[in-house]
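Observations on the model geometry
Residue-level listing of the chains:
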Number of protein chains: 2
Amino acid sequence: MAKKAETRKQQILKAAFQAASEKGYESVTLQDIADYADVSKGVTNYYFKNKADVFAHLFEWITGRIYEKEAASIHEQETAVKMLEAYINQVFISPAENKTFYRVYVDYLSQIKNNKAYQEINQQFYENCWSIGRSIINKGLEENVFSVNDIEEATISIRCIIDGSLIQWLMREDDQLHDYYKSICYDSILRVLNYKE
Amino acid sequence: MAKKAETRKQQILKAAFQAASEKGYESVTLQDIADYADVSKGVTNYYFKNKADVFAHLFEWITGRIYEKEAASIHEQETAVKMLEAYINQVFISPAENKTFYRVYVDYLSQIKNNKAYQEINQQFYENCWSIGRSIINKGLEENVFSVNDIEEATISIRCIIDGSLIQWLMREDDQLHDYYKSICYDSILRVLNYKE
DNA sequence: CAATTTATTTTGACCAGTCAGTATAACAAA
DNA sequence: TTTGTTATACTGACTGGTCAAAATAAATTG
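Rules of the game
- Residues numbered from 1 in each chain as written.
- Chains lettered and ligands numbered in written order.
- Predicted model: local features only at pLDDT ≥ 70, side-chain atom pairs only at ≥ 80, totals over all residues.
- Heavy atoms only, no water.
- Least-squares fit on C-alpha atoms with pLDDT ≥ 70 in both.
- Contact = heavy atoms within 4.5 Å.
- Salt bridge = Lys/Arg side-chain N within 4 Å of Asp/Glu carboxyl O.
- Helix = DSSP H or I, 4+ residues; strand = E, 2+ residues; numbered from the N terminus.
- Near = heavy atom within 4 Å.
- Polar contact = N/O pair within 3.5 Å; in protein donor to acceptor, adjacent residues only side chain to side chain.
- Nonpolar A, V, L, I, M, F, W, Y, C, P; charged D, E, K, R; others polar.
- Domains from an automatic or database assignment.
- Buried area = accessible area lost by both parts, 1.4 Å probe.
- UniProt positions renumbered as here; feature names shortened; annotations may be inferred.

**Structural notes on the relation of the copies chain B and chain A**
Note on the identical chains: chain B maps onto chain A by a rotation of 180° and an axial translation of 0.0 Å, with an RMSD of 0.1 Å. Here the two chains are linked by the operation of a two-fold rotation axis. Every residue of chain B has its C-alpha some distance from the rotation axis, and the shortest such distance is that of Gly164 of chain B, at 2.0 Å. Same-surface contact between copies: 100% of interface residues of chain B are shared with the interface of chain A.

**Some words on the pattern of salt bridges**
Summed over all chains, the structure comprises 14 salt bridges over all chains. Among the ionic pairs, Lys99 of chain B bridges to Asp175 of chain B, the shortest N-O distance being 2.9 Å. Of this pair, Lys99 of chain B sits in helix H6 (residues 95-112) while Asp175 of chain B sits in the loop between helix H8 (151-172) and helix H9 (178-192); the two residues are 76 residues apart in sequence, bridging distant segments of the chain. What you see here is one network of salt bridges that share partners, running through Glu70, Arg159 and Asp163 of chain A.

**A few points about the protein's contact with DNA strand D**
Around DNA strand D there are 17 residues in total, and Arg8, Ser40 and Tyr47 of chain A together with Lys41 and Lys51 of chain B lie nearest to it. Counting only the atoms of DNA strand D within 4 Å of the protein, the fraction contributed by sugar and phosphate is 63%. At a separation of 2.7 Å, a phosphate oxygen of DNA strand D approaches a polar backbone atom of Ser40 of chain A. Here Lys51 of chain B contributes a side-chain N or O atom positioned 2.7 Å from a phosphate oxygen of DNA strand D. Those elements that place two or more of their residues in the surface near DNA strand D are helix H1 (2-23) and helix H3 (41-47) of chain A together with helix H3 (41-47) of chain B. Tallying contributions element by element places H3 of chain A first for the surface near DNA strand D, with five residues. Split into classes, the residues belonging to the surface near DNA strand D amount to seven nonpolar, five polar and five charged.

**Quick notes on the domain arrangement of chain A**
Residues and elements named next belong to chain A. In terms of domain boundaries, chain A breaks down into domain 1 (1-48) and domain 2 (56-192). Using C-alpha coordinates to define each centre, domain 1 is positioned 27 Å away from domain 2. In this complex, domain 1 contributes 11 residues to the contact, which on the side of domain 2 involves 12 residues. Note on domain 1 versus domain 2: buried area summed over both sides is about 1,000 Å², and carbon and sulfur give 73% of it. Summed over the shared surface of domain 1 and domain 2, the result is zero salt bridges. On inspection of domain 1 and its partner domain 2, the count reaches four residue pairs in polar contact (both at pLDDT 80 or more). Of the residues contributing to the side of domain 1 that touches domain 2, the split by class is six nonpolar, three polar and two charged.

**Details of the UniProt feature "domain: HTH tetR-type" (unreviewed entry) in chain A**
Per the UniProt record, "domain: HTH tetR-type" (unreviewed entry) is annotated on residues 6-66 of chain A. With 80% helix and 0% strand, residues 6-66 of chain A has its two end C-alpha atoms placed 20 Å apart.

**Remarks on the protein's contact with DNA strand C**
Around DNA strand C, the surrounding shell holds 16 residues, and the nearest of these are Lys41 and Lys51 of chain A together with Arg8, Ser40 and Tyr47 of chain B. For DNA strand C, the fraction of atoms within 4 Å of the protein that belong to sugar or phosphate moieties is 62%. Here a phosphate oxygen of DNA strand C and a backbone polar atom of Val28 of chain A are 3.5 Å apart. Those elements giving two or more residues to the surface near DNA strand C turn out to be H3 of chain A together with helix H1 (2-23) and H3 of chain B. With four residues, H3 of chain B is the single largest residue contributor to the surface near DNA strand C. Broken down by class, the residue content of the surface near DNA strand C amounts to seven nonpolar, five polar and four charged.

Structure follows, in structure tokens:
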């Protein structure tokens, strides 16, 4: 049944994610994935074409989930600044979660050059992220609290700052700096948007 | 003689760099390094403990060179804004060079979690980068053209923006966007430093 | 200087281990 | 029975690292 297949695929993707966050993309073997999913090795090859196919689906799934959460976080908010605050809270959700996700994400980034499919998934992710930034900026322009020369450039800048801060935080391997980087990220974005009031 | 050994090591490091930028860190084999260096396979193990040792030296060498170039670029400049401009020009040196270096750098970032030595090299690189940012900020504060609440936070923010933009540019695989991202990076930093005049 | 010995460097075959992917058998459900 | 699913054994390709022998350079000696 199609439902069962879907469940199995999810189970395998979650296992691959857990394995990758603990061991790193390249060193994860098909056996590892099977072990984490508590199934035999043959199952992974039954549901996915090959290892790269597993990871393509994994990255698609992860980036999709991340975007949905981030997009949801801003929709309840009523002012641009509150939207941004909610966004940053969602992005810097916790040291543990950020570490798990961003380790896999950095592995993923390092693989993009080798795989056209990965590249397209990431392009979609960027576009989704930019759309969130764009919403916040437009709201702030309506409210007259932000001032930017070019909306597209500002949306791109927001994501640069977010990824740049999370990656730098991750590389320093110090959970205590999480709040510090969160506040640097938030303040920098406000400055880039030329926040007044 | 010690001089010859040094030359050989450099030759191997350059080969490893070239191999890594073309094939990606994980898929580079000792044989690849030997091939690019035009020596036999055993030589690499004669001059380095193992593969990880080669890459530790490689990363140290690369990040050191990058820092030196960046540091040198700002020293001739007389105003804070010109220093920043020179810095960004050096950072966004050309699509080809940025691609070569940043591909290896992203691979390197994805390996940091697995290797204490890599982590320390990167920490040193960050501190070097921050010191460049700090020089520029201090100069701008003297000149009364910048305004920041916290110098340390601003130095960190600058590197976040630089890495964030270069990584995002790299992932989009479009050389034409190089100038675009360069200008976004430059403008964002000016805004973070609250540039007036 | 030349002959010989010693030290250093280079080579490439080889080994032991790993992994992705396959083949096949066993099992379960309909 | 038939079809869909899972387990297991296996293969072939490849890798990091080793090592003994070859090549080369340096030092020593007559």
